[in-house]
Amino acid sequence: MSREEVVLQKPEDARFLVPVFHTANACPGAATAYLLRRIAYCAGAYAPGIQEFMFHELNTSREGGTLEKVQRWFSMRVSSLHELGYRLQCRRVATPTPAILDWVKAGRGYRGAMLPTNYKKLHPIPGSAGKDVLDDAVAHAVGITIDRLDAKGEEDLVMIDPWPGVTGDAKDKAKVHEHIESAHRDRNFHALVYYWTGWS
């Protein structure tokens, strides 16, 4: 092999992409699974392997269907996560959305938040949840983290939406929605915030 045959990689070519699991039944859990992976990756500790079965549990309605279920899952699994080297912590808060967004942004990737939201405020097109799912029946939640939307772009606040719907142009990973505060207010500003130990 000659030097001319070697393709040099750019930093954005070697970047790991965390998948967003799509579900209408376990949005809080799917958002949390993404956030925990992303925070661990930022801390240099994420290694896909045996812990994936734990993260996958969050994609089920049994473990990830509501904020309360996710909180219970985390309290049951936190010691196992710590044994695997994931120094993750979780707190339940009832804090206005702008304060949570500022807190996540200040964490530079070591923090994240899962916000229960009103699905219809973020996806106002009737029937966007799908023909078999009522828009009002979606226990919707989004994740807020620091990430890149474009491989060559700057890191900024990103909204992770495990159920962007089946109509319209909504994406599972996009800029924070302009109506996030209103959608979060409808769920009394409850949230679970996650952080790597040392970044509280």
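Everything discussed here concerns the structure shown above.
What this report covers is the structure whose coordinates are included nearby.

**Side note on the pairing of strand S3 (residues 141–147)**
Most of S3 sits out of view: seven of its seven residues are buried. Residues Ala141, Gly143, Thr145 and Asp147 point to one face of S3 and Val142, Ile144 and Ile146 to the other, with burial holding for every one of them. As paired strands, strand S2 (residues 111–116) and S3 are joined by four bridges and run antiparallel to one another. Residue proline 116 lies in a different strand from S3, and its bridge partner there is alanine 141. Of the pairings in the sheet, the one linking S3 to strand S4 (residues 156–160) comprises five bridges and is antiparallel in character. In the strand pairing of S4, isoleucine 144 is matched with methionine 159.

**Focus: the pattern of salt bridges**
The tally for this structure, following the rule as stated, stands at 11 salt bridges. Two residues, glutamate 57 and arginine 77, come together in a salt bridge whose shortest N-O distance is 2.6 Å. Of the two residues, glutamate 57 is situated in helix H2 (residues 52–57) and arginine 77 in helix H4 (residues 67–83); the sequence distance between them amounts to 20 residues. A salt bridge links arginine 148 to glutamate 155; the shortest N-O distance between them is 3.5 Å. On the accessibility criterion, arginine 148 (26% relative accessible area) is partly exposed. Owing to a relative accessible area of 38%, glutamate 155 belongs among the partly exposed residues under this scheme. Beyond isolated ion pairs, a larger network of salt bridges with shared partners links Arg38, Asp147, Arg148, Glu155 and Lys173.

**Topic: helix H1 (residues 27–42)**
Its 16 residues place the ends of H1 22 Å apart at the C-alpha level, agreeing with the 22 Å of an ideal helix rising 1.5 Å per residue. Counting buried positions along H1 yields 14 of 16 residues, so the element is predominantly enclosed. Following H1 by one or two positions, glycine 44 adopts a phi angle in the positive range, close to 80°.

**Describing the nonpolar core**
Formed by 29 residues in total, the largest nonpolar core has its most connected members in Leu36, Phe55, Trp73, Phe74, Tyr86, Met114 and Tyr194. Looking at this core, the elements with two or more residues in it are H1, H2, H4 and strand S6 (190–196). The element that contributes the greatest number of residues to this core is H1, accounting for seven residues. Apart from the residues lying within four places of it in its own chain, the contact partners of phenylalanine 74 are Leu36, Leu81, Leu88, Gln89, Cys90 and Tyr194. Counting residues in hydrophobic clusters, the runner-up holds 18 residues, among them Leu101, Trp103, Ala113 and Ile180.

**Digging into helix H5 (residues 97–106)**
Along H5, the residues that are buried comprise Thr97, Ile100, Leu101, Trp103 and Val104. Around the axis of H5, the buried residues are gathered within 160° of arc, so they sit on the same side. Considering only its buried residues, H5 is in contact with strand S1 (88–94), S2, S3, S4, helix H7 (180–185) and S6. Following H5 by one or two positions, arginine 108 has its phi on the positive side, about 50°.

**Topic: the side chain of glutamate 63**
You can see glutamate 63 is positioned in helix H3 (residues 61–64). In contact with glutamate 63, not counting residues within four places along its chain, are Glu57, Leu58, Lys69, Val70 and Trp73.

**Comments concerning the pairing of S4**
Counting buried residues along S4, four of its five residues qualify, which places the element largely inside the surrounding structure. Both S4 and strand S5 (residues 173–174) contribute to a ladder of two bridges, which runs antiparallel. In the sheet register, methionine 159 faces S5, and the bridge partner there is alanine 174.

The rules we used
Residues numbered from 1 in each chain as written. Predicted model: local features only at pLDDT ≥ 70, side-chain atom pairs only at ≥ 80, totals over all residues. Heavy atoms only, no water. Buried < 20%, exposed > 50% of the residue type's maximum accessible area, 1.4 Å probe, protein only. Helix = DSSP H or I, 4+ residues; strand = E, 2+ residues; numbered from the N terminus. Pairing = 2+ DSSP bridges. Salt bridge = Lys/Arg side-chain N within 4 Å of Asp/Glu carboxyl O. Expected span 1.5 Å × (residues − 1). Core = buried A, V, L, I, M, F, W, Y, C linked by side-chain atoms within 4.5 Å. Contact = heavy atoms within 4.5 Å. Arc of directions from axis to C-beta.

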